[in-house]
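# Examination of the molecular architecture
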Amino acid sequence: VLRSLGIPTRVITNFNSAHDTNINLSIDKYIDMSGKTLHLTEDSVWNFHVWNESWFTRGDLGSFYDGWQVLDATPQERSKGMYQCGPASIRAIKEGDVNLDYDSSFVFAAVNADYVTWIHYSKKRKERIYSDTRKIGKFISTKAVGTNSRVDVTANYKYPEVKEISFKITYSQYKNSLMDDRKILVTAV
């Protein structure tokens, strides 16, 4: 419909798509002490999910958020009392601006939520035992113009995952760096 109105529109597929029902930006899995899954949340990870992007200006949010916007024709959650999703600015999603209107937090979670596993001891006590920050939002794709090739648009939605870099410094280098910054004096025993 949007294309027939002259609005640039394309289909987007997100693999490992998070469905964050409580909008806490994480997909929470609860287990008991024996490792059995407890069904305490409706959060889930779908193999994939498909939505549309359309290109338009955002007078309501400011020109910083112009460009591709997420519109989901198959929303699974209510937004402002209705089953709707979007238009959520791709720029807002990439920048983590999750407090904007039009479901930016829901779409942010779909592509960038943390996958967290908790041991549930009681109603008042739980312990986080695992967190995967890279599982969600893989191979976000659209179809290339004029061919059947896949175009990866993941970089439009999120910054590259940072690889952990381990490095070692000597204790004296650490001590000197603290003294240089006048943060704290470290005394070795």
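To be clear, the structure that these remarks concern was listed above.
Residues numbered from 1 in each chain as written. Predicted model: local features only at pLDDT ≥ 70, side-chain atom pairs only at ≥ 80, totals over all residues. Heavy atoms only, no water.

## Some words on the sheet that holds strand β10 (residues 126–132)
- With respect to topology, 4 strands assemble into an open sheet ordered β3-β2-β9-β10, the strand pairing being mixed. Each edge of the open sheet is held by one strand with a lone partner, namely β3 (37–38) and β10. (Pairing = 2+ DSSP bridges. Helix = DSSP H or I, 4+ residues; strand = E, 2+ residues; numbered from the N terminus.)

## A word on the packing of aromatic side chains
- Evaluated as defined, the whole model comprises 5 aromatic pairs.
- Judged by centre distance (6.4 Å) and plane angle (50 degrees), the ring pair of Phe15 and Phe48 falls under tilted. Here Phe15 is found in strand β1 (residues 9–19), whereas its partner Phe48 is found in strand β4 (residues 44–56), with 33 residues between them in sequence.
- Judged by its relative accessible area of 32%, Phe15 falls in the partly exposed class.
- Summarising the aromatic geometry, the rings of Trp55 and Trp68 are spaced 5.3 Å apart at their centres and angled 85 degrees between planes, so their arrangement reads as edge-to-face. Pair noted here: Trp55 is in strand β4 and Trp68 is in strand β5 (residues 67–71), with a separation of 13 residues, a long-range link.
- Its relative accessible area of 46% is what places Trp55 among the partly exposed residues.
- The ring of Tyr121 has Arg125 sitting right over it, with the charged end atom 4.1 Å from the ring centre.
- Sitting above the plane of the Tyr115 ring, Lys135 keeps its charged end 3.9 Å from the centroid. (Phe/Tyr/Trp six-rings, centres within 6.5 Å; stacked < 30°, edge-to-face > 60°. Buried < 20%, exposed > 50% of the residue type's maximum accessible area, 1.4 Å probe, protein only. Lys NZ or Arg CZ within 6 Å of the ring centre and 35° of its normal.)

## What to know about the side chain of Ser104
- Within the element layout of this structure, Ser104 appears in helix α2 (residues 104–112).
- For Ser104, the residues in contact, after removing those within four places along its chain, are Ala88, Ile93, Asp97, Val98 and Asn99. (Contact = heavy atoms within 4.5 Å.)

## Focus on the pattern of salt bridges
- Across all of its chains, the model carries 3 salt bridges by this definition.
- The partner of Arg10 in a salt bridge is Glu53, with the nearest N and O atoms 2.7 Å apart. In this pair, Arg10 is assigned in strand β1 and Glu53 in strand β4, connecting sequence segments 43 residues apart.
- Measuring nitrogen to oxygen at the nearest pair gives 3.4 Å for the salt bridge that ties Arg150 to Asp152.
- What makes Asp152 partly exposed here is its relative accessible area of 40%. (Salt bridge = Lys/Arg side-chain N within 4 Å of Asp/Glu carboxyl O.)

## Looking at a nonpolar patch on the surface
- Residues Val11, Phe15, Phe48, Val50 and Phe139 make up a contiguous nonpolar surface patch of roughly 450 Å² in combined accessible area.
- Within the residue set of the nonpolar patch, elements represented by two or more residues are β1 and β4.
- Judged by its relative accessible area of 49%, Phe48 falls in the partly exposed class. (Patch = residues over 30% accessible without salt bridge, like charges linked within 9 Å, V, L, I, M, F, W, Y side chains within 5 Å. Areas by Shrake-Rupley, 256 points an atom, 1.4 Å probe, with all protein chains shown as cover.)

## Side note on unusual backbone geometry
- A positive phi angle is found at Ile23, which is not glycine, with a value near 55 degrees.
- Although it is not a glycine, Leu25 adopts a positive phi angle of roughly 65 degrees.
- With respect to the helices and strands, the residue Leu25 is situated in the loop between β1 and β2 (26–31).
- Here Leu25 falls in the partly exposed class, since its relative accessible area comes to 26%.

## Concerning the sheet that holds strand β12 (residues 150–152)
- The strand order across the open sheet formed by 6 strands is β8-β5-β4-β1-β11-β12, and the pairing between neighbours is antiparallel. Each end of this open sheet is capped by a strand with a single partner; those strands are β8 (88–89) and β12.
- Note: β4 against β5, 5 bridges, orientation antiparallel. Its bridge partner being in β5, Trp55 is matched across the sheet by Trp68.
- Here α2 sits on the sheet in contact with β1, β4, β5, β8 and β11 (138–143), set at roughly 70 degrees to β1. (Axes fitted to C-alpha atoms, helices over the stretch in contact; angles between N-to-C directions.)

Read these as spatial facts, not as claims about activity.
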